[in-house]
Amino acid sequence: MLKRYAQFSFSKISHLRCSLSQQITQPTEKTFPESTQPETSLLSSTVVNQETSVLEPLSEDISHISTYLKPTYNLAAYANRSELIQQLVKLGVNLHHIETKVPEAVTFLLRLRFEDIKKHIQFFNDLGVDLKLVANVITKNPRILQERLEDLEIRVNYLKSKNFSNQSIARIVSKNPFWLSHSTQDIDNKLGFFQLNFKLTGAEVRQIASMKPQLITWSQDKIKVNIFVIKEEMGFSLEDIKQLILVKPEILMNGQYRLLQSFEYLNNKMDVLHEDLLNFPEALGCRATRLKQRHQFLVKLRRDQFNPRKPNYISLSTMIKGTDVHFAVEVAKSTIEEFNLFLKTL
């Protein structure tokens, strides 16, 4: 089989956005198997708990809290006087993460009582999300507590209508805390984008969404750039890219330069063919520096044998996974001390 080399031109990337519209097809209509209605219409056909409001007016004045909070944003300082903060801590919510990464949510949280969010916590738990993972959802996306329960129910029912299993839905919510902050129309468009561009079946769309829920809500501009890079710079076909993402969908979330550097080392330095990369797509997600360190150590030991049809074969997957200790001892059949000494020579 002839080896295919990609001709690199990093300068092309600066012109990517000008040509993306010709390379990537934007969905002009729903392509995911069943059509969906706007959330307001879905509500009429969805059995939900009809309540006028999840949040109730405060029964006490907390102006002294919000005023003092503005310069400090120290949620822990209010644990003694706020049952909500106490319960969030017991649940496992990382208050420091919220203070530093989502500071705009601090005042909003201090205006709530624990009674105001109990139904949200129960909602996630009823979906099959473990309470520890519910804490992570709130940590990463505290604004989810501001979403109406009726809307959250509609968004979950949309996934059920698309034949997502209960297990898949629980995984999606756990792994991507921001998923349910998107409307059903938005999610439908995002799923349709993948189905249209890669000619995926409904089952394949569900497979990718369940494996890597973060990819579905990832920036489509960045995804388009990576599709262009993998197709035009690396020489893979769209069918090849489909095969890659069905196994390792997070490839489309890597930076384009990192992808190119890894591919260049694999293809040009290790003589790895495109066909081999289709079998081990995780290699494209490995940093080029890691590939170089481990590959050259194997070269030094004369153990760089990546042909499965020959003795002492080492697969790409085996080479890149695990800790340095595991690699040095189990893969290279050496010691971590020798590997560390070798790294100093690079």
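Refer to the structure printed above.
What you are looking at is a predicted structure, and each value in this text was computed from that prediction instead of being measured.

Draft legend 1. Here's a closer look at the pattern of salt bridges. Summed over all chains, the structure comprises 11 salt bridges. The shortest N-O distance in the salt bridge between Asp151 and Arg148 comes to 3.3 Å.

Draft legend 2. Molecular detail of helix H12 (residues 202-211). Of the residues making up H12, those classed as buried are Gly202, Glu204, Val205, Ile208, Ala209 and Ser210. Structurally, H12 contributes buried residues whose contacts are with helix H10 (166-175), helix H11 (184-198), helix H13 (213-216) and helix H15 (238-247).

Draft legend 3. Region of the structure containing the environment of Asp151. Among the structural elements, Asp151 can be located in helix H9 (residues 149-161). Separated by 29 residues in sequence, Asp151 and Leu180 have C-alpha atoms that sit 8.7 Å apart.

Draft legend 4. View of the packing of H9 against H11. Interaxial distance between H9 and H11 falls to 10 Å at its minimum, and their mutual angle equals 30°. Classified by the interaxial angle, the pair formed by H9 and H11 is roughly parallel. H11 is crossed by H9, and the crossing has right-handed handedness. When H9 is examined against H11, the residues Ile154, Arg155 and Tyr158 are found in contact with a partner set consisting of Thr184, Ile187, Asp188 and Leu191.

Draft legend 5. Up close: the packing of H12 against H15. At their nearest, the axes of H12 and H15 sit 9 Å apart, and the two run at 50° to each other. In terms of their interaxial angle, H12 and H15 are classed as oblique. Of H15, the residues touching H12 (which contributes Glu204, Gln207, Ile208 and Met211) are Lys242, Ile245, Leu246 and Val247. Per-class residue counts for the contact of H12 with H15 are 5 nonpolar, 1 polar and 2 charged.

Criteria and thresholds
- Residues numbered from 1 in each chain as written.
- Predicted model: local features only at pLDDT ≥ 70, side-chain atom pairs only at ≥ 80, totals over all residues.
- Heavy atoms only, no water.
- Salt bridge = Lys/Arg side-chain N within 4 Å of Asp/Glu carboxyl O.
- Buried < 20%, exposed > 50% of the residue type's maximum accessible area, 1.4 Å probe, protein only.
- Helix = DSSP H or I, 4+ residues; strand = E, 2+ residues; numbered from the N terminus.
- Contact = heavy atoms within 4.5 Å.
- Axes fitted to C-alpha atoms, helices over the stretch in contact; angles between N-to-C directions.
- Parallel < 35°, antiparallel > 145°, perpendicular 65-115°, else oblique.
- Left-handed = near helix turned anticlockwise from the far one by under 90°.
- Nonpolar A, V, L, I, M, F, W, Y, C, P; charged D, E, K, R; others polar.

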